[in-house]
Amino acid sequence: MKLAYWMYAGPAHIGTLRIASSFKNVHAIMHAPLGDDYFNVMRSMLSRERNFTPVTTSVVDRNVLARGSQEKVVDNITRKDAEEHPDLIVLTPTCTSSILQEDLHNFVERAQLEAKGDVMLADVNHYRYNELQAADRTLHQIVQYYIEKARKRGELPADKTAKPSVNIIGISTLGFHNQHDCTELKRLMADLGIEVNSIIPEGASVNQLKNLPRAWFNLLPYRELGLQTAIYLEEQFGTPYVDITPMGVVETARCIRKIQQVINAQGAEVEYEDFINEQTLHVSQAAWFSRSIDCQNLTGKKAVVFGDNTHAAALTKILTREMGIHVVWAGTYCKYDADWFREQVSEYCDEVLITDDHGAIGDAIARVEPSAIFGTQMERHVGKRLDIPCGVIAAPIHVQNFPIGYKPFLGYEGTNQVTDLIYNSFTLGMEDHLLEIFGGHDTKEVITKGISAESDLNWTKDGQAELNKIPGFVRGKVKRNTEKFARDRGFKEINAEVLYAAKEAVGA
């Protein structure tokens with residue numbers, strides 16, 4: 001475990017709680033001390049849902065440490081079973097329960113004797129997995145639990161649906177634009193003549209999971225969530241899966257062609273090329289806009305991309321292939337899946353970064369001085385310090401990235417939203433010119449600390465005054481070049497004389 005004041009992916013129990021609270025009529029019991037129960041507040045604030053978050057904390061306190069927590073946990077499970085009548089209660093371990101080495105399997109077995117609904121343990125190692133890995137693993141465990149339950153009862157359906165159908169796997173609460181993406185995917189499937197068999201976990205009933213094998217194929221829009229479940233369903237029932245994220249014109253077309261191949265292999269006869277052409281030319285505005293004179297202003301501009309695997313890889317491809325923007329480096333914090341990310345983006349950027357250290361990412365951005373950043377909320381904060389615009393493309397995110405209006409990132413309508421985000425994230429030449437005319441760049445004090453936490457340079461008042469006189473669109477570059485000059489020569493502070501010397505020496 002790594003202690004940090006800000007992490008890209010949360011601890012494992014957050015991933016488990018995201019899955020449990022996504023299902024309909026499923027309750028989670030979290031075995032943790034007070035303070036670990038911030039998930040309820042986070043979900044209520046970010047997802048903007050009216051319903052109460054179905055998560056209860058079985059608090060670990062000094063009494064529990066003295067006497068043990070078995071009775072308390074079992075009592076909490078049976079009490080919630082009687083009060084809420086859930087179909088399933090998921091006991092969610094945390095780092096604390098792992099430290100105490102409690103036999104949670106035994107807790108579940110005891111509670112199951114009294115509870116009317118199902119009770120299961122989310123079996124996740126909280127020292128090895130982060131939020132995304134735990135979510136993927138928990139979804140797989142719940143699906144497997146109900147498939148095996150139906151199999152023992154002889155309730156598994158033996159046939160496929162009459163018409164081509166799909167399970168959309170990976171839509172969950174607190175997912176980046178997940179609700180909007182789900183609506184767009186349902187619309188896309190309807191246009192293709194494909195029925196939606198199930199959408200999991202968001203809004204699904206665990207009692208319907210036994211029907212998952214009826215689908216002709218599974219669609220995984222996100223790399224991080226659903227892959228283990230799709231592999232399990234393929235191994236058990238031979239159900240193929242499509243894991244191409246339909247984001248951007250090129251990848252959406254590639255995803256649809258893969259779907260065509262998969263369902264035609266099962267006896268259907270569909271041809272989607274006319275649909276792809278129609279959507280590309282008339283529904284998606286991205287294709288013509290990328291060739292317009294407006295977008296030509298972006299050709300060759302430098303950008304950096306950082307986020308989870310799905311969105312960082314997709315945005316890198318869109319920037320390079322579809323909009324002619326130079327991606328200096330692309331990175332992800334999903335270190336556990338680094339090989340896949342490198343394979344996806346290596347040919348579309350100069351450099352690949354795999355790290356979960358936001359300080360290192362901030363320094364990497366400052367080093368290359370891109371025209372725009374596409375990243376998480378953390379990179380957005382970095383961009384503000386460096387006066388570089390940033391488009392938010394992946395979690396971790398802020399409440400403003402849960403829009404009420406319809407803003408999918410997937411499908412053909414998603415191509416329009418992504419193109420708008422990219423275009424509006426750049427500061428264009430005329431905008432800089434107007435900001436200078438109206439003094440926009442000079443109305444706020446210059447940040448004179450380096451982006452790295454290790455920076456030990458300070459600016460004196462006269463040095464800062466001289467820096468403020470420099471036009472805003474080059475001020476950031478001058479500041480960084482001056483600090484490099486000072487650091488190389490061992491200066492501890494930067495005054496006006498140092499600034500003048502740096503300008504003469506390095507042309508800052």
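Residues numbered from 1 in each chain as written. Predicted model: local features only at pLDDT ≥ 70, side-chain atom pairs only at ≥ 80, totals over all residues. Heavy atoms only, no water.

## Here we look at the packing of aromatic side chains
Cut-off, in case you're wondering: Classification of ring pairs uses Phe, Tyr and Trp, with its six-membered ring standing for Trp, and accepts pairs whose centres are within 6.5 Å; under 30 degrees between planes counts as stacked, over 60 as edge-to-face, and the remaining range as tilted. Strands here mean DSSP runs of E at least two residues long; helices mean DSSP runs of H or I at least four residues long; both are numbered from the N terminus. Throughout, exposure labels follow a simple rule: accessible area from a 1.4 Å probe, protein chains only, divided by the maximum for the residue type, with under 20% read as buried, over 50% as exposed, and the rest as partly exposed.
Scanning the entire structure with this criterion turns up seven aromatic pairs. Measuring from ring centre to ring centre gives 4.9 Å for Y8 and Y333, while their planes differ by 10 degrees; the resulting arrangement is stacked. In this pair, Y8 is assigned in the segment before α1 (12-22) and Y333 in the loop between β10 (326-332) and α15 (338-345), connecting sequence segments 325 residues apart. Pair check on accessibility: Y8 and Y333 agree, each one buried. For the pair F275 and Y412, a centre-to-centre distance of 6.3 Å together with 75 degrees between the ring planes defines the contact as edge-to-face. Of this pair, F275 sits in helix α11 (residues 273-283) while Y412 sits in helix α18 (residues 411-425), and the two are 137 residues apart along the sequence. An identical accessibility class is assigned to F275 and Y412; each is buried. Ring pairs connect the aromatic residues Y8, F306 and Y333, which therefore count as one cluster.

## What about the pairing of strand β2 (residues 55-59)?
Side-chain positions along a regular strand alternate between the two faces of the sheet. Heads up, the condition is: A pair of strands is treated as paired once DSSP finds two or more bridges between them.
Burial within β2 is extensive, with five of its five residues counted as buried. Here β2 shows no split at all, with V55, T57 and V59 on one side and T56 and S58 on the other all buried. Bridge count between strand β1 (residues 26-32) and β2: five bridges; the pairing is parallel. Residue pairing across strands places H31 opposite S58, the latter belonging to β2.

## Points about the sheet that holds strand β4 (residues 118-121)
Sheets are built from strands that pair by backbone hydrogen bonding, the pairs being arranged parallel or antiparallel. The line we're drawing: What counts as an axis is a line fitted to C-alpha atoms, over the stretch in contact for a helix, and the angles between N-to-C directions run from 0 to 180 degrees. Any two residues whose heavy atoms approach within 4.5 Å are treated as being in contact.
Strand order in the open sheet formed by four strands is β2-β1-β3-β4, and the pairing between neighbours is parallel. In this open sheet, the two edge strands, each paired with only one partner strand, are β2 and β4. Ignoring which end each strand starts from, the neighbouring axes of this sheet average 20 degrees apart. Those strands touched by helix α6 (residues 104-114) are β1, β3 (88-92) and β4, and its axis lies near 180 degrees from that of β4.

## Brief notes about the sheet that holds strand β11 (residues 351-354)
An order of β11-β10-β9-β12-β13 is seen for the five strands of this open sheet, with the pairing classed as parallel. Lying at the two open borders of the sheet, with one neighbouring strand each, are β11 and β13 (390-392). Each strand of the sheet is rotated relative to its neighbour by a mean of 15 degrees, with strand direction disregarded. Two elements, strand β9 (residues 302-307) and strand β12 (residues 372-375), share three bridges in a ladder whose sense is parallel. Residue A303 lies in a different strand from β12, and its bridge partner there is A372. Relative to the sheet, helix α14 (residues 309-322) contacts β9, β10 and β12, its axis offset from that of β9 by approximately 160 degrees. Taken strand by strand, helix α17 (residues 377-386) contacts β9, β12 and β13, and its axis lies near 165 degrees from that of β13.

## A word on the packing of α1 against helix α2 (residues 38-46)
Filter applied, for reference: For this classification, under 35 degrees means roughly parallel, over 145 means roughly antiparallel, 65 to 115 means roughly perpendicular, and everything else is oblique. Crossing handedness is defined as follows: a turn of the near helix away from the far one that is anticlockwise and smaller than a right angle gives a left-handed crossing, while the clockwise case is right-handed. Polar here means any residue other than Ala, Val, Leu, Ile, Met, Phe, Trp, Tyr, Cys and Pro, which are nonpolar, and Asp, Glu, Lys and Arg, which are charged; Gly is therefore polar.
In the contact formed by α1 and α2, the axes pass within 11 Å of each other and the chain directions differ by 55 degrees. On the basis of their axis angle, the class for α1 and α2 is oblique. For the pair α1 and α2, the crossing hand works out as right-handed. In this structure, α1 contributes H13, I14, L17, R18 and S21 to the contact, and α2 contributes Y38, F39, M42 and R43. For the contact of α1 with α2, the per-class residue count stands at five nonpolar, two polar and two charged.

## Some thoughts on unusual backbone geometry
Cis geometry marks the peptide bond from I200 to P201; its omega dihedral reads 0 degrees. As for its placement among the helices and strands, P201 is situated in strand β6 (residues 195-201). Residues A395 and P396 are joined by a peptide bond in cis, for which omega reads 5 degrees. Mapped onto the fold, P396 is located in the loop between β13 and α18. Unlike most non-glycine residues, D387 shows phi in positive territory, near 60 degrees. Mapped onto the elements, D387 comes out in the loop between α17 and β13. D387 sits in the partly exposed class, given a relative accessible area of 40%.

## Side note on the side chain of Q344
Convention followed: Each polar contact in these results corresponds to two N or O atoms within 3.5 Å; when the atoms are within protein, one needs to be able to donate a hydrogen and the other to accept it, and residues that are neighboring in sequence are counted only if both atoms are side-chain atoms.
Here Q344 shows up in helix α15. At 2.5 Å, the side chain of Q344 forms a polar contact with the side chain of K317. Here Q344 is in contact with A313 and K317, once residues within four sequence places are set aside.

## Focus: the pattern of salt bridges
A side chain with one charge can pair with a side chain of the opposite charge if their charged atoms come near. In plain terms, the rule: Basic side-chain nitrogens of Lys or Arg form a salt bridge, by our definition, when they fall within 4 Å of a carboxyl oxygen of Asp or Glu.
By the definition in use, this model includes 19 salt bridges. The salt bridge partner of R223 is D337, with a shortest N-O separation of 2.7 Å. Of this pair, R223 sits in the loop between β7 (217-219) and α9 (227-237) while D337 sits in the loop between β10 and α15; the two residues are 114 residues apart in sequence, bridging distant segments of the chain. Overall, D337 belongs to the buried group, its relative accessible area being 16%. K484 is the partner of D488 in a salt bridge, and the nearest nitrogen-oxygen pair spans 3.2 Å. Residue D488 and its partner K484 are both found in helix α21 (residues 472-488); the two are separated by four residues, about one turn of the helix. Given a relative accessible area of 54%, D488 falls into the exposed group. Residues participating in the shared-partner salt-bridge network are R79, K80, E83 and E84.

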